[in-house]
Amino acid sequence: MPTGAAAPARAGAVHRVSTRNAQFQTWQALLANRNKRQRQGEFLIHGVRPITLALEYGWPLHRLLHPAGQRLSAWAQGVLRDSGIPVSEVAPELLAELGEREDTAPELVAVAALGSDDFGRLPVGPDFLGVAFDRPTNPGNIGTLTRSADAFGASGLIVTGHAADVYDPKSVRASTGSLFKLPVIRSAAPSDVLEWVVAQRERGVPVKIVGTDEHGETSVDACDLTGPVLLVVGNETVGMSKTWREICDEVVSIPIGGAASSLNAASAGTLMLYEAARQRGFPGGKRP
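Under an unreviewed UniProt entry, the name given to the protein chain is TrmH family RNA methyltransferase, and the source organism is Kitasatospora paranensis.

Here you go:
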């Protein structure tokens, strides 16, 4: 379950922030400072759909921020009225900064708890489909792959190694709320993931590790992805690490043409997920 610091005030209490005080600076740091996010155990959520899905899937929200003196939509009023989450009224020009907008304050910004990096969040069974993203440098790619993994019925996403932050605002926005449904965890090294995979195999779930590379021995459509499988997507520039290559049971390629020498990492991962979903009949039996 997601973890983080307790909410600073009881539900229903409203306090106002009209200057760049210490509280505002704390929230502002959550936008650009990864270390501050980690120390605070919090990050910011922007947008109607992400906030709605965070509430729907029970993601712990510590505080809701709304612009002082601004008329709100029925949606925003309902969230403030019914969620039971502590509320702050923020000067519109300050909330515009927290919403990363130039001039217009968003109706709501949520302060949320970081998620746990416990492998126990990943549901594992005979139909397990997971993705490991190796050292991604672009937070937008993390969010995009999170969205794709959710759409194609994956069980979870593991971000490994020295990587961009899952909770960077660019990643959170690109996930369009899928971050709050799909378990996404961070792991320091491929060896930790392998240890977890071995534990699953020992308990009778034969997870196969399938990597992607432009020089892969097998075309993706010739690889059996119907059983429990962990797909590995490499870094945007250098691909999979040597360690991941050694760990993989099979390495596949995605046939492409044109002038492109390779695909964007998130695009490659999305195509792998699509092929796995195709072989499995698509989530819920529905075709995209």
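There is more to say, and it comes next.
Caption draft 1: Summary view of the overall build of the protein chain. Across its full length, the protein chain carries ten helices and twelve strands. Here the C-alpha radius of gyration of the protein chain, 20 Å, is about what a compact globule of 288 residues would show, namely 19 Å. Taken along the three principal axes of its C-alpha coordinates, the protein chain extends 60 × 45 × 35 Å. Looking at the 288 residues of the protein chain, the share that counts as buried comes to 51%.

Caption draft 2: View of a nonpolar patch on the surface. A cluster of nonpolar side chains, namely Ile 256, Leu 263 and Leu 271, defines an oily patch on the protein surface of about 230 Å² accessible area. Examined against the element boundaries, Leu 271 turns out to sit in helix 10 (residues 265–280). Residue class for Leu 271 comes out partly exposed when judged on its relative accessible area of 40%.

Caption draft 3: Structural view of the sheet that holds strand 10 (residues 218–219). The seven strands are arranged 8-7-6-11-9-12-10 in an open sheet whose pairing can be described as parallel. Lying at the two open borders of the sheet, with one neighbouring strand each, are strand 8 (184–187) and strand 10. In the sheet, strand 6 (residues 129–134) pairs with strand 11 (residues 229–233) via five bridges, with the strands oriented parallel. Paired with Phe 133 across the two strands is Val 233, which belongs to strand 11. Contacts between helix 8 (residues 190–202) and the sheet are confined to strand 7 (156–160), strand 8, strand 9 (208–212) and strand 11, with strand 9 contributing the most and set at about 145° to the helix.

Caption draft 4: Local environment of the side chain of Glu 275. Mapped onto the fold, Glu 275 is located in helix 10. Apart from residues lying up to four places away in sequence, Glu 275 is in contact with Val 220, Asp 221 and Leu 225.

Caption draft 5: Broad picture of the packing of aromatic side chains. Here the structure, examined in full by the defined rule, presents eight aromatic pairs. On the basis of an interplanar angle of 50° and a centroid distance of 4.8 Å, the ring pair of Phe 43 and Tyr 167 is categorised as tilted. Taken as a pair, Phe 43 in strand 2 (residues 42–46) and Tyr 167 in the loop between strand 7 and helix 7 (169–174) lie far apart in primary sequence, 124 residues in all. Each member of the pair, Phe 43 together with Tyr 167, is buried. By the ring-pair criterion, three or more aromatic residues cluster together here, those being Phe 43, Trp 59, Tyr 167 and Phe 180.

Caption draft 6: Expanded view of the pairing of strand 8. Residues Val 184 and Arg 186 line one face of strand 8 and the alternating positions Ile 185 and Ser 187 line the opposite face, and both faces are buried. Two elements, strand 7 and strand 8, share four bridges in a ladder whose sense is parallel. What sits directly across from Thr 160, in strand 8, is Ser 187.

Caption draft 7: How the structure looks around helix 4 (residues 74–82). Of the positions making up helix 4, those classed as buried are Ala 76, Gly 78, Val 79 and Leu 80. A positive phi of about 75° marks Gly 84, the residue just after helix 4.

Caption draft 8: Broad picture of the environment of Leu 194. Looking at the element boundaries, Leu 194 is found in helix 8. When the C-alpha positions of Leu 194 and Gly 58 are compared, they lie 30 Å apart, and in sequence the two are 136 residues distant. With residues up to four places along the chain from it excluded, the contact list for Leu 194 reads Ile 209 and Ile 247.

Caption draft 9: View of the UniProt feature "domain: SpoU L30e-like N-terminal" (unreviewed entry) in the protein chain. Within this structure's numbering, the places UniProt gives as "domain: SpoU L30e-like N-terminal" (unreviewed entry) are residues 21–110. Taken end to end, residues 21–110 is 48% helix and 20% strand, and its first and last C-alpha atoms sit 18 Å apart.

Caption draft 10: Local environment of the nonpolar core. If you look at the biggest cluster of nonpolar residues, it comprises 52 residues, and the most contacted ones within it are Phe 43, Ile 45, Leu 61 and Leu 273. Among the elements that make up this core, the one with the highest residue count is helix 10 (six residues). Not counting residues up to four positions away in its chain, the partners in contact with Phe 43 are Leu 30, Arg 37, Trp 59, Ala 110, Val 111, Ala 112, Ala 113, Leu 114, Tyr 167, Val 172, Leu 179 and Phe 180. Residues Phe 119, Phe 128, Leu 230 and Met 240 belong to the second largest nonpolar core, which totals 20 residues.

Caption draft 11: Structural context of the pattern of salt bridges. All chains considered together, the criterion is met by 13 salt bridges. Here Glu 97 makes a salt bridge to Arg 20, at a shortest N to O gap of 2.3 Å. In this pair, Glu 97 sits in helix 5 (residues 92–98) while Arg 20 sits in the loop between strand 1 (14–17) and helix 1 (22–32), placing the two residues 77 residues apart along the sequence. Residue Glu 97 is classed as partly exposed on the basis of its relative accessible area, which comes to 29%. Asp 150 is paired through a salt bridge with Lys 181; the nearest N and O atoms lie 3.6 Å apart.

Caption draft 12: Structural view of unusual backbone geometry. The backbone of Thr 176 sits at a positive phi, close to 45°, despite the residue not being glycine. Here Thr 176 is to be found in the loop between helix 7 and strand 8. A positive phi angle is found at Phe 282, which is not glycine, with a value near 70°. In this structure, Phe 282 sits in the segment after helix 10.

Each value, and the rule that gives it
- Residues numbered from 1 in each chain as written.
- Predicted model: local features only at pLDDT ≥ 70, side-chain atom pairs only at ≥ 80, totals over all residues.
- Heavy atoms only, no water.
- Helix = DSSP H or I, 4+ residues; strand = E, 2+ residues; numbered from the N terminus.
- Rg over C-alpha atoms; globule rule 2.2 N^0.38 Å.
- Buried < 20%, exposed > 50% of the residue type's maximum accessible area, 1.4 Å probe, protein only.
- Patch = residues over 30% accessible without salt bridge, like charges linked within 9 Å, V, L, I, M, F, W, Y side chains within 5 Å.
- Areas by Shrake-Rupley, 256 points an atom, 1.4 Å probe, with all protein chains shown as cover.
- Salt bridge = Lys/Arg side-chain N within 4 Å of Asp/Glu carboxyl O.
- Pairing = 2+ DSSP bridges.
- Contact = heavy atoms within 4.5 Å.
- Axes fitted to C-alpha atoms, helices over the stretch in contact; angles between N-to-C directions.
- Phe/Tyr/Trp six-rings, centres within 6.5 Å; stacked < 30°, edge-to-face > 60°.
- UniProt positions renumbered as here; feature names shortened; annotations may be inferred.
- Core = buried A, V, L, I, M, F, W, Y, C linked by side-chain atoms within 4.5 Å.

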